[in-house]
Amino acid sequence: MKKVVKFGGSSLASAEQFKKVGDIIHADKERCFVVPSAPGKRYADDTKVTDMLYACYELAEKGKDFKAALQAIRERYQEIIDGLALNLSLEGEFKVIEKSFKNKAGRDYAASRGEYLNGIIMANYLGYHFVDAAEVIVFHKNGEFDEKKTNKLMKEKLSSLENAVIPGFYGACEDKSVKTFSRGGSDITGSIVARAVKADVYENWTDVSGFLIADPRIIYKPESIETITYKELRELAYMGATVLHEDAIFPVRSEGIPINIRNTNAPEDEGTWIVESTCQKSKYVITGIAGKKGFCAVNIEKDHMNSEIGFGRKVLQAFEENGISFEHVPSGIDTMTVFVHQDEFMHKEQKVVSGIHRLADPDTIEIEADLALIAVVGRGMRATRGTAGRIFSALAHSNVNVKMIDQGSSELNIIIGVANADFETAIKAIYDIFVLCQL
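Now for a look at the structure at hand. If you're wondering where the values come from, they're calculated on a predicted model, not measured in any experiment. (Residues numbered from 1 in each chain as written. Predicted model: local features only at pLDDT ≥ 70, side-chain atom pairs only at ≥ 80, totals over all residues. Heavy atoms only, no water.)

1. Describing the overall build of the protein
A tally of helices and strands in the protein yields 14 helices and 17 strands. Its C-alpha atoms put the protein at 80 × 50 × 40 Å along the principal axes. Each of the 439 residues in the protein was classed as buried or not, and the buried ones make up 51%. For the protein, long-range pairs separated by at least 24 residues make up 75% of all intrachain contacts whose partners lie at least 6 apart in sequence. Summed over its atoms, the accessible surface of the protein is roughly 20800 Å², and 47% of this surface lies on carbon and sulfur atoms. Averaging the locations of the 54 positively and 63 negatively charged side chains of the protein gives two centres separated by 5 Å. (Helix = DSSP H or I, 4+ residues; strand = E, 2+ residues; numbered from the N terminus. Buried < 20%, exposed > 50% of the residue type's maximum accessible area, 1.4 Å probe, protein only. Contact = heavy atoms within 4.5 Å. Areas by Shrake-Rupley, 256 points an atom, 1.4 Å probe, with all protein chains shown as cover. Lys, Arg positive; Asp, Glu negative; His and termini not counted. Charge placed at Lys NZ, Arg CZ, Asp CG, Glu CD.)

2. Notes on the environment of Gly291
As for its placement among the helices and strands, Gly291 is situated in strand E12 (residues 288-301). Taking the C-alpha atoms as reference points, Gly291 and Ala237, separated by 54 residues in sequence, lie 9.3 Å from one another. Each residue touching Gly291, except ones within four places of it in the same chain, is listed here: Met239, Leu373, Ile374 and Phe423.

3. A few points about unusual backbone geometry
Note: most peptide bonds trans; most residues except glycine with negative phi. The residue Lys176 is not glycine, and still its phi comes out positive at about 75 degrees. In this structure, Lys176 sits in the loop between strand E6 (170-173) and strand E7 (178-180). One non-glycine residue, Asp370, adopts positive backbone phi at about 60 degrees. Along the chain, Asp370 falls in strand E15 (residues 364-377).

4. Comments concerning the nonpolar core
Of all hydrophobic cores here, the largest spans 118 residues; its most connected members are Phe101, Ile121 and Leu158. Residue contributions to this core peak at 9 residues, all from helix H5 (residues 107-126). Setting aside residues no more than four positions away along its own chain, Phe101 makes contact with Leu53, Cys56, Tyr57, Ala60, Phe66, Tyr109 and Ala110. In terms of nonpolar packing, the next biggest core, distinct from the first, is built from 18 residues, Val298, Phe311, Ile324 and Ile356 among them. (Core = buried A, V, L, I, M, F, W, Y, C linked by side-chain atoms within 4.5 Å.)

5. Things to note about the pairing of strand E11 (residues 272-275)
When strand E9 (residues 227-229) meets E11, the two strands line up parallel, connected through 3 bridges. Across the sheet, residue Ile228 finds its bridge partner in E11, namely Ile274. Note that strand E10 (residues 259-263) and E11 share 3 bridges and pair antiparallel. Paired with Asn260 across the strands is Trp273, a residue of E11. (Pairing = 2+ DSSP bridges.)

6. Quick look at helix H7 (residues 185-196)
The terminal C-alpha atoms of H7 lie 17 Å apart, and with 12 residues this matches the ideal 16 Å at 1.5 Å per residue to within 8%. Of all 12 residues in H7, 12 are buried; the element is thus mostly enclosed. All of the buried residues in H7 are Gly185, Ser186, Asp187, Ile188, Thr189, Gly190, Ser191, Ile192, Val193, Ala194, Arg195 and Ala196. The positive-phi residue at the C-terminal boundary of H7 is Lys198, with phi of around 55 degrees. (Expected span 1.5 Å × (residues − 1).)

7. Digging into the packing of aromatic side chains
Evaluated as defined, the whole model comprises 11 aromatic pairs. Taking 5.9 Å as the distance between ring centres and 50 degrees as the angle between the ring planes, the aromatic pair formed by Phe66 and Phe101 counts as tilted. Placement of Phe66 in the loop between helix H2 (49-61) and helix H3 (67-83) and of Phe101 in helix H4 (residues 91-102) is noted, with a sequence separation of 35 residues between them. Note on Phe66: relative accessible area 5%, which makes it buried. The class of Phe101 is buried, set by a relative accessible area of 0%. Between Tyr116 and Phe130, the aromatic rings sit 5.7 Å apart at their centres with planes inclined by 75 degrees, giving edge-to-face as the arrangement. With Tyr116 in helix H5 and Phe130 in strand E3 (residues 129-130), this residue pair connects regions lying 14 residues apart in the sequence. Since its relative accessible area comes to 31%, Phe130 is described here as partly exposed. Pairwise contacts between aromatic rings join Tyr57, Phe66, Phe101 and Tyr109 into one cluster. Positioned above the aromatic ring of Tyr116 is the side chain of Arg113, whose terminal nitrogen or guanidinium carbon lies 4.3 Å from the ring centre. (Phe/Tyr/Trp six-rings, centres within 6.5 Å; stacked < 30°, edge-to-face > 60°. Lys NZ or Arg CZ within 6 Å of the ring centre and 35° of its normal.)

8. Regarding the packing of H3 against H5
Two elements in contact, H3 and H5, have axes separated by 11 Å at closest approach and are oriented at 15 degrees. It follows that H3 is roughly parallel to H5 by the angle criterion. Of the two possible hands of crossing, H3 and H5 adopt the one that is right-handed. Taking contact as the criterion, the partners of Tyr77, Ile80 and Ile81 in H3 are, on H5, Arg113, Gly114, Leu117, Asn118 and Ile121. Of the residues belonging to the contact of H3 with H5, the class tally is 5 nonpolar, 2 polar and 1 charged. (Axes fitted to C-alpha atoms, helices over the stretch in contact; angles between N-to-C directions. Parallel < 35°, antiparallel > 145°, perpendicular 65-115°, else oblique. Left-handed = near helix turned anticlockwise from the far one by under 90°. Nonpolar A, V, L, I, M, F, W, Y, C, P; charged D, E, K, R; others polar.)

Next comes the structure, spelled out in structure tokens:
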């Protein structure tokens, strides 16, 4: 069995955290390929090394003295090296960085040095091979990720190594200039490595024990999710849940490699498993709840709308002409409602309204603002009767008025529209009826 393990910035913020990571890796000989992030915050008011590098490079870019800023970064790494009692010097690396900053090597280069230096320390600490991501992760000249070439180079490089540390977050263009991933960061690198070595598991270690059923800022100590499918994860992420970015999931999803989200500070916790499909039943009927505020509803009415061919297309054309995307379009016999982001819509609302009148000739148009959308997601809903009824009952009991309900044919999620003011109350009510009532 072969495992790729990625550790986030909070897991590598200090020598103490490094030791925890070392213990985790050495506890399982199958954890043979390691992807580290740059050091994160050591405490609440601390600064991430990546942010320190950005600030340092900004000084260099403006022709200002940046030596003090670079020295502060050097000290952060030296603190880790000393704490691990390593016989390692990064002086040569920092001389190269200083020269590159003076030569305006670019913001991507500056940001990438956080992972690069941490990778060198990690490789020395573990006794693993160090592989510079710039040698195995390739970007096109236009900045787009070259998936095919990267997979080929990564396979060739790692096939001869029993273990290795590959820094996350960056690669290089064909001209050798360093390029970082715009979204997903080190999570993407871990996924790319897992696919290249055909790993059995991709472990993503962070500071939480997996994903939570609901936002902990709304629900006090929500239950964690044991297993979630890629489809469920996508639905929750789309509605605002803080989860892995889609770009970080695709490489392993295409190979059927499961992802295990684990907690560096609680390695005994099983965490959350992200899988393509599973026969395991969810602990609860629902898998998760997520939502966003800041929507408005454009309600269009027209007698015999349902028998008019092309009516929906004409209405949506008015939104398209004004560069506005829609979220949901529930409809009735004579009514059609288009949910859009309020901040995008409010400055163009009258253009859209006049466009709908011109294109579709409706009887009336009404706009309702300050709405929120909540997604209740779960593969268990397919086989459970009365899920929607329980949601409505819970919301009614909490005096929440439902503005809209939309359920896809997959029966994987139910979208509910409520007033912004009822957003938190609604999520609490849904969580209580499906989770607390079953504990």
